[in-house]
Amino acid sequence: MLFSPPLKAKEESSSPATYTRSEYLFDQQRHAIYVRTDKMFGWLFILQWIGSAIAALLISPYTWEGTQHSIHIHVWQAIVLGGIVNSLPLFLVWKQPGTLLTRQTIAIAQMLWSGLIIAISGGRIETHFHVFGSLAFLAFYRDWRVLLTASAITALDHFLRGIYAPASIYGVQVAEPWRWFEHSTWVVFCDFFLIISIRHSLRDMRLMAHRQAELESAKNYVEQEVVARTAELKLSEQNLRDSEATIRAIFETAADSIITIAENGTIETANQTCEKMYGYQFHTIFGKHISFLIKQIGDELCTEDSWVKWRDMCRVRRNALRLEGIGLARGRVEIPIEISLSFVNLKGKKLITAIVRDISERKEAERRVSEFYSIVSHELRTPLTSIRGSLGLIEGGMTGDLPVETLELVNIARESCDRLIRLINDILDLKKLEAGKFEFHKMEITPSELLGMSLAFTEGMARERGIRLELGWTTEQPIIADTDRLNQGLVNLISNAIKFSPKAGVVELSATIADNAVRFVVRDQGKGISKDQQHKLFCKFQQVDSSDKREQEGTGLGLAICKAIVEQHGGQIGVESDSDKGASFWFTIPVVSGEFYKPTEDEGRTSYVVVIDDASKLGDLLNRHLLPSRCQLVHVHDSDEASKVIAERVPDLVIFNVSQPDEADLELQEQLRSLYAVHNKPVVLFTHSTSDADAPSPVRVEWHKRPVKEEIVVRDIKRAVDSSNCPTVLVVEDDPGTRKTLVHQLGKYGIRCLEASGGEEGLNILATENPELIVLDVGLPDMNGFDFVKRLREEPSCKALPLLVYTGRDLTAAERRDLTIGFTRYLTKSKASELELVSAIDELLEKVRIEVEAKANS
Amino acid sequence: MSIEKVLLVDDDPRIRKIAQISLQGVGGWNVRAVSSGFEALEAASSDRPDVILLDVMMPEMDGPTTLARLRENAELASIPVIFFTAKVQKQEVDSYLALGAAGIISKPFDPMKLPGEIEEILRASNN
């Protein structure tokens, strides 16, 4: 392609617009070159005209014919032909420089000049080089067409003049016919390279034009972007200012003081409300420590030191810290405030935001409410005091005897009065509880202490109605609660249970751990509450329908009060019951994590219990009751498994729930027996009876009957696990050697001994200590055993003490009788083995327990 | 310590009457009833009772103030004082005890049991 080659592809341009532009630039450039070159030629023509004229004059000024001379024709040729040749081109250069016509005309003209100059020089070969020079000049146009035209004219000129005027072109008379061709070949040769040069040049020009177009385009783009970005920036600046203004407005007009506090506790910013509340201008408080404005946070004085603690607490919490406190306004005026603190981290800058609210009004309102309750309570109670007092005295006979009917009426009035008093108490309590205004005095207490208290309160009532109160499994997990209030709740539940219990019924109390809380349960065996009645229970003034008069003593608010108390402790309350199936009222008190009771090393150490159980019911029971972190429970299904487990670690307690003991079971029992002899454990509990001979000692208890009664199982296990595996025994023996031996022997079995060397000492010890059993030597120095026993009989608290009479000689029947109080066993020192001794003690203790139970049951 | 003389202080004549019958009739004690704190101070001085039953809400000089005055007097300071009041919220109870009262008996009370309660309080405070 001889046309100036386009760039590799149109795609090289970044866009059609750029391409267009680059083409435009290119064309412009080319046009400029044309114009410039046209102008150049314009001058060249003039130069050539003048030059050739002078050259002609110099070289051949005159032509001689004889002696006549006239101006040589060359001179005329130069001037005239030169003028003719120049005329059109110069005109065109002047009129329309840059056009193709102009160029071509110039090309033709220039080659004619070459011809002319050759002619003027008479065809001298040196002037032929003007042709090549002209071509080179014409190449300045960078337009190959021009070269074609020029080459064609030259060829023609050589050809024609070669034929018709060879002297003017070749300087010879006759020219070779092919000479024009030879010359033309050189011209073509020259053209070839000139055209290549033009191509390269044009390509470079195009590239530059393209680059320029691209650059322009880029520059445009950048400018556009800058404008756009600037506009955006302005917009966002505006938005920012607006938003800042909004926040500022909120900050300043908030109803509470907003203060930001730097890490070191100094005040950084404060809003107008703060200035108003405290009566200080901002510049006065800026930079001062926050304790300048706040006297007290919570119950603590706010100082530079105590502030650090609050600050750190804030940092850790996710939600704001909200407390009441006391603010300090101008003039040392104290204001009751509510302050909430939150931590802010702004790119490394740590601040505390404090929002302070003046709660003087609220406090005043609270005080008024509190005063109202006080007054109402007082105003209601005062006349009731007179009524109750008067009726009480009359009823009590302090005014003399009354006719029966009068007494009855007074009785009615007094009872109603009591009821009214209870009602007022309940209503006021309930109102306070519900309003959250009740002041609780919470402290740490264990469930067993709490249940103990409630039991004490309700024992009398239970006894009156022949109802038995039983304490079931009680966890030692302490809780934080208002003792009096929870007691109130429990007493309420227990009283209800008693009221609704059938004759000789049992009310069972328990406290177990369930899901991060302690769950208290009061269970009765009454007629239960049907499902559709249950939802009304805890509402106010509800009495479960009853035809029995005595069940209408309540105020109807008891359960509502229980509910309010429990809920104020963060717990829940409910009932599990159905018609004729008794009722279990339960409530939970949450335990804050971290407070969980961990048995210490010595105190009831986590007992390791192995249960051998071929049926699964016992396992469930134990899981439910033993989970309270006291026991690590391992459940195995037969004695073989048990042996393996026991071999790894000796348990504290083994529970045998096997209906038909087989070889393996008996073997295990042997193993347990020997273990006990060495380790003082395990204690073994059986669910079926065994004869003494088989049982490994010490056996704590036997559950004789199936189905196994849950309460008894639990109680016995608790006892076994709780280790008063440490019964206390009083050893009364004068001989120190014997005494020491006895103590040592008993000690091996985990029995704690109190020692007395004589009867008096023994009695003294009994006055202050409570041993469960007395081991008595008959032959004592100061008073003999018989007298000792007599003295024991006299002491009411010692009457039930089991006695192990341990003598050096066999006793007669009569002697035995004299030595008996309650349960008594007799052993002869030399004849009884250690095993017998301990078994006997155990047996006695057990007998006592059984009897105590029997008494309670009756 | 057995009680023989009781000083009863209450501005309400009805309650005075009832309490008096109760303490005399049921308790079998010698009762002097006065109606104000001022009288109480005089009576305490002249009679030296074994126990003072003191109402809280009285005009002019209330119970706690009377107690404070009694305590100021070295001779009278040792006489046990039991507050007698319808206001029995826990925090009030604590504050009364803090003032040096031996105990509180709340109103309304059971007139048949009043002497027993007084004895109980004195027994407990002696331990």
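All residue numbers refer to position in the chain's written sequence, counted from 1. To read the labels, note that chains go from A and ligands from 1, taken in the order they are written. The predicted nature of this model means local features are confined to residues of pLDDT at least 70 and side-chain atom pairs, given and counted, to a pLDDT of 80 or more, with totals for whole chains, interfaces and linings taken over all residues. Heavy atoms from the whole structure form the basis of all side-chain values; hydrogens and water molecules are not counted.

Draft legend 1. Looking closely at the overall build of chain A. Counting its secondary structure elements, chain A contains 25 helices and 26 strands. Note on exposure labels: buried denotes an accessible area under 20% of the residue type's maximum, exposed denotes more than 50%, and partly exposed covers the range between, all computed with a 1.4 Å probe on protein chains only. Scored against the burial criterion, the 858 residues of chain A give a buried share of 45%. Here, Shrake-Rupley sampling with a 1.4 Å probe gives the accessible areas, and only protein chains in the shown set may cover a residue. Carbon together with sulfur atoms contributes 57% to the accessible area of chain A, which is approximately 45800 Å² in total. Starting at the N terminus, helices and strands are each numbered in turn, a helix being any DSSP run of H or I of at least four residues and a strand any DSSP run of E of at least two.

Draft legend 2. Region of interest: the overall build of chain B. Of regular secondary structure, chain B possesses five helices and five strands. When the helices and strands of chain B are placed in sequence order, the string is β-α-β-α-β-α-β-α-β-α. The 127 residues of chain B split such that 48% are buried. For chain B, the share of sequence-separated contacts (at least 6 apart) that also reach a separation of at least 24 residues comes to 60%. Surface exposure of chain B reaches about 5700 Å², of which carbon and sulfur atoms provide 47%. Throughout, a contact is declared for two residues whenever any of their heavy atoms are within 4.5 Å.

Draft legend 3. Structural view of the sheet that holds strand β6 (residues 300-301) of chain A. Residue and element names in this part refer to chain A. A pair of strands counts as paired when DSSP detects no fewer than two bridges linking them. With antiparallel pairing, seven strands are arranged side by side in an open sheet as β4-β3-β9-β8-β7-β5-β6. Looking at strand neighbours, the two that pair on one side only are β4 (267-270) and β6, the edges of this open sheet. Bridge count between strand β8 (residues 333-346) and strand β9 (residues 349-358): ten bridges; the pairing is antiparallel. Of the residues in β9, the one forming a bridge with V344 is L351.

Draft legend 4. Inspection of the nonpolar core at higher detail. All names here are of chain A. One finds I479, L486, V507, F520, V522, F585 and F587 to be the most contacted residues of the largest nonpolar core, which totals 43 residues. Among residues more than four places away in sequence, those in contact with F585 are L493, F520, V521, V522, I529, L537, F538, L559, G574 and V575. Put simply, buried Ala, Val, Leu, Ile, Met, Phe, Trp, Tyr and Cys residues joined by side-chain atoms within 4.5 Å make one nonpolar core. The next biggest cluster of nonpolar side chains, apart from the first, holds 42 residues, and it includes I106, A107, L138 and Y170.

Draft legend 5. Up close: the pattern of salt bridges. Residue and element names in this part refer to chain A. Within this document, salt bridges are pairs made up of a side-chain nitrogen of Lys or Arg and a carboxyl oxygen of Asp or Glu, the two lying within 4 Å of each other. Throughout the structure, instances matching the rule amount to 43 salt bridges over all chains. Taking the shortest distance from any N to any O, the salt bridge between R206 and E23 comes out at 2.9 Å. Linking R206 in helix α7 (residues 179-253) with E23 in helix α1 (residues 16-59), this pair joins segments that are 183 residues apart in sequence. For the pair shown, R206 and E23 are each scored as buried. Between E268 and K349 there is a salt bridge, with its nearest N and O atoms 3.2 Å apart. With a gap of 81 residues between them, E268 in strand β4 and K349 in strand β9 connect regions that are remote in the sequence. Through salt bridges with shared partners, a single network forms among R322, E324, E338, R362, K363 and E366.

Draft legend 6. View of helix α22 (residues 759-768) of chain A. All names here are of chain A. For α22, every residue scored as buried is listed here: G759, G762, L763, I765 and L766. The buried residues of α22 all sit within an arc of 160 degrees when viewed along its axis, so they share a single face. Away from its buried face by more than 90 degrees, α22 exposes N764, A767 and T768. Buried-residue contacts for α22 involve β22 (728-732), β23 (752-756), β24 (773-776) and α23 (785-794). The arc refers to the directions leading from the helix axis to the C-beta atoms.

Draft legend 7. Geometry of the interface of chain B and chain A. The partner chain A presents 20 residues to the 23 residues of chain B that form the contact. Linking chain B with chain A are one salt bridge, by the criterion used here. With a shortest N-O distance of 3.3 Å, R388 of chain A and D110 of chain B are connected by a salt bridge. Between N or O atoms, a polar contact is any pair within 3.5 Å; within protein, one atom must be a potential hydrogen donor and the other a potential acceptor, and residues adjacent in sequence are included only when both atoms are from side chains. Here chain B and chain A share two residue pairs in polar contact (both at pLDDT 80 or more) between them. Elements represented by at least two residues in the side of chain B that touches chain A include exactly α1 (13-26) and α4 (90-99) of chain B.

Draft legend 8. Up close: unusual backbone geometry. With omega at -5 degrees, the peptide bond leading from K107 of chain B into P108 of chain B counts as cis. Within the secondary structure, P108 of chain B is located in the loop between β5 (103-106) and α5 (114-126). With phi around 50 degrees, K347 of chain A is a residue other than glycine that occupies positive phi space. Relative to the helices and strands, K347 of chain A is located in the loop between β8 and β9. One non-glycine residue, A504 of chain A, adopts positive backbone phi at about 55 degrees. Note that A504 of chain A resides in the loop between α14 (483-499) and β13 (506-513).

Draft legend 9. Structural context of the environment of R816 of chain A. All names here are of chain A. Mapped onto the fold, R816 is located in helix α24 (residues 813-818). When the C-alpha positions of R816 and V805 are compared, they lie 8.9 Å apart, and in sequence the two are eleven residues distant. For R816, the residues in contact, after removing those within four places along its chain, are L811 and Y826.

Draft legend 10. Inspection of the packing of α14 of chain A against helix α16 (residues 558-568) of chain A at higher detail. Residue and element names in this part refer to chain A. Taken N-terminus to C-terminus, the directions of α14 and α16 make an angle of 145 degrees; their axes are 9 Å apart at the nearest point. By crossing handedness, the relation of α14 to α16 is classed as left-handed. Note on element contacts: α16 touches α14 through G558, L559, I561, C562 and I565, opposite R485, L486, Q488, G489, N492, L493 and N496. Asp, Glu, Lys and Arg are counted as charged, while Ala, Val, Leu, Ile, Met, Phe, Trp, Tyr, Cys and Pro are counted as nonpolar; the rest, among them Gly, fall into the polar class. When its residues are assigned to classes, the contact of α14 with α16 shows six nonpolar, five polar and one charged. Lines fitted to C-alpha atoms define the axes, with helix axes restricted to the stretch in contact, and inter-axis angles between N-to-C directions lie between 0 and 180 degrees. Definitions for this section: a left-handed crossing has its near helix turned counterclockwise from the far helix by less than a right angle. A right-handed crossing has that turn clockwise.

Draft legend 11. Spotlight on the side chain of T382 of chain A. By secondary structure assignment, the location of T382 of chain A is in helix α11 (residues 360-395). On the accessibility criterion, T382 of chain A (19% relative accessible area) is buried. In contact with T382 of chain A, other than residues within four places in its own chain, are D12 and I15 of chain B.

Draft legend 12. Up close: helix α5 (residues 144-164) of chain A. Residues and elements named next belong to chain A. Working rule for helices: expected span equals 1.5 Å times residues minus one. Over its 21 residues, α5 runs 30 Å from end to end, which matches the ideal 30 Å to within 8%, given 1.5 Å per residue. Regarding α5, the residues found buried are V146, L147, T149, A150, S151, T154, A155, D157, H158, R161 and G162. In this structure, the buried residues of α5 make contact with α3 (100-120), α4 (129-139), α6 (166-169) and α7.

Draft legend 13. Region of interest: the side chain of D429 of chain A. Residue and element names in this part refer to chain A. Following the sequence through the fold, D429 ends up in helix α12 (residues 404-434). None of His or the chain ends enter the tally, which takes Lys and Arg as positive and Asp and Glu as negative. For the buried D429, no salt bridge is present, and the opposite-charge side chain at shortest range is R485, 4.6 Å distant. In contact with D429, other than residues within four places in its own chain, are F438, Q488 and I561.

Draft legend 14. Spotlight on the packing of aromatic side chains. Residue and element names in this part refer to chain A. For Phe, Tyr and Trp, rings pair up if their centres lie within 6.5 Å, where Trp contributes its six-membered ring, and each pair is then called stacked (planes under 30 degrees apart), edge-to-face (over 60) or tilted (otherwise). Tallied over the entire structure, the rule returns 17 aromatic pairs over all chains. Seen in terms of ring centroids, W186 and F189 are 5.9 Å apart; in terms of plane orientation they differ by 90 degrees. Their pairing is edge-to-face. Taken as a pair, W186 and F189 lie in helix α7 at a separation of three residues, close to a single helical turn. Just above the ring of W94 sits the side chain of K95; from NZ or CZ to the centre is 4.8 Å. Just above the ring of F26 sits the side chain of R206; from NZ or CZ to the centre is 4.1 Å. Only when the NZ atom of a Lys or the CZ atom of an Arg is both within 6 Å of the ring centre and within 35 degrees of the ring normal do we say a charge sits over the ring.

Draft legend 15. How the structure looks around the sheet that holds strand β25 (residues 803-807) of chain A. All names here are of chain A. If you walk across this open sheet you meet the five strands as β23-β22-β24-β25-β26, and the pairing is parallel. Both edges of this open sheet fall to β23 and β26 (824-828), since each of them pairs with a single strand only. For this sheet the average axis-to-axis angle between neighbouring strands, irrespective of direction, equals 20 degrees. Of the strand pairs in this sheet, β24 and β25 are connected by three bridges, and their pairing is parallel. Bridging from a neighbouring strand, L776 pairs with V805 of β25. Across the face of the sheet, α22 comes into contact with β22, β23 and β24 while running at roughly 130 degrees to β23. The sheet strands contacting α23 are β22, β24 and β25, and the helix crosses β24 at an angle near 160 degrees.

Draft legend 16. Spatial organisation of the environment of E843 of chain A. Locating E843 of chain A in the fold gives a position in helix α25 (residues 834-857). It is 9.7 Å that separates the C-alpha atoms of E843 of chain A and P802 of chain A, two residues lying 41 residues apart in sequence.

Draft legend 17. Up close: the packing of α1 of chain B against α5 of chain B. All names here are of chain B. One can describe the packing of α1 onto α5 by two numbers: an axis separation of 8 Å at closest approach and a directional angle of 75 degrees. Between α1 and α5, the crossing angle belongs to the class labelled roughly perpendicular. Across the interface between the two elements, S22, L23 and V26 from α1 touch L114, P115 and I118 from α5. Looking at the contact of α1 with α5 residue by residue, the classes come out as five nonpolar, one polar and no charged. By the definition adopted for this analysis, an angle is roughly parallel if under 35 degrees, roughly antiparallel if over 145, roughly perpendicular if from 65 to 115, and oblique otherwise.

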